[in-house]
Amino acid sequence: GGVGADAKTSTGNGGLGSTPLTGYSDDFGGGASESKSTSVPKAKRPQPPLETGGRVLVRETMPGRVHFIGEVHYAKGEWCGVELDEPLGKNNGTIKGVSYFSCEHQHGIMVRPAECTAVDA
């Protein structure tokens, strides 16, 4: 009976040896995805909320005023319609035939809220 017991023990050790390795790699994978999600917000300090009429900096280079916050007909998610101080925009507040706000030609731009930084003015 001793030989049969040795064979079972050896098989059991092999099974136990592989299980922790699999568990470890799963934990590592989970840790990697967690660090990705925590690195998404790049703001170092609390950012004031974006609001219609508020001054913003678009893509950290273009100052303007928010005229629209909400959903648009041509893309999913929330968007900000900004009237830029300089003619660096792409529209006048009307996009693909729908008017979201009104401003001078080439002063309007529609961007994701993440591309806007609220500024004091």
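Below you will find a few notes about this structure. The structure displayed is predicted, hence computed values, not measured ones.

## Concerning the environment of V82
Consideration 1: Tracing the backbone through its elements, the reader meets V82 in strand 3 (residues 78-84).
Consideration 2: V82 sits in the buried class, given a relative accessible area of 0%.
Consideration 3: For the pair V82 and H107, spaced 25 residues apart in sequence, the C-alpha to C-alpha distance is 8.0 Å.
Consideration 4: Every residue in contact with V82, bar those within four places of it in the chain, is listed here: V56, V58, G64, R65, V66, F101, H107, G108, I109, V111 and C116.

## Re the nonpolar core
Consideration 1: Counting 10 residues, the largest nonpolar core consists of V56, V58, M62, V66, C80, V82, L84, I109, V111 and C116.
Consideration 2: Residue assignment for this core shows that the elements contributing at least two residues are strand 1 (55-58), strand 2 (62-71), strand 3 and strand 6 (108-111).
Consideration 3: Tallying contributions element by element places strand 3 first for this core, with three residues.
Consideration 4: Apart from the residues within four sequence positions on either side, V56 is in contact with L50, M62, P63, G64, V66, V82, C116, T117, A118 and V119.
Consideration 5: Core analysis: the second largest hydrophobic core is formed by eight residues, F68, W79, Y100 and C103 among them.

The rules behind the values
Residues numbered from 1 in each chain as written. Predicted model: local features only at pLDDT ≥ 70, side-chain atom pairs only at ≥ 80, totals over all residues. Heavy atoms only, no water. Helix = DSSP H or I, 4+ residues; strand = E, 2+ residues; numbered from the N terminus. Buried < 20%, exposed > 50% of the residue type's maximum accessible area, 1.4 Å probe, protein only. Contact = heavy atoms within 4.5 Å. Core = buried A, V, L, I, M, F, W, Y, C linked by side-chain atoms within 4.5 Å.

Read these as spatial facts, not as claims about activity.
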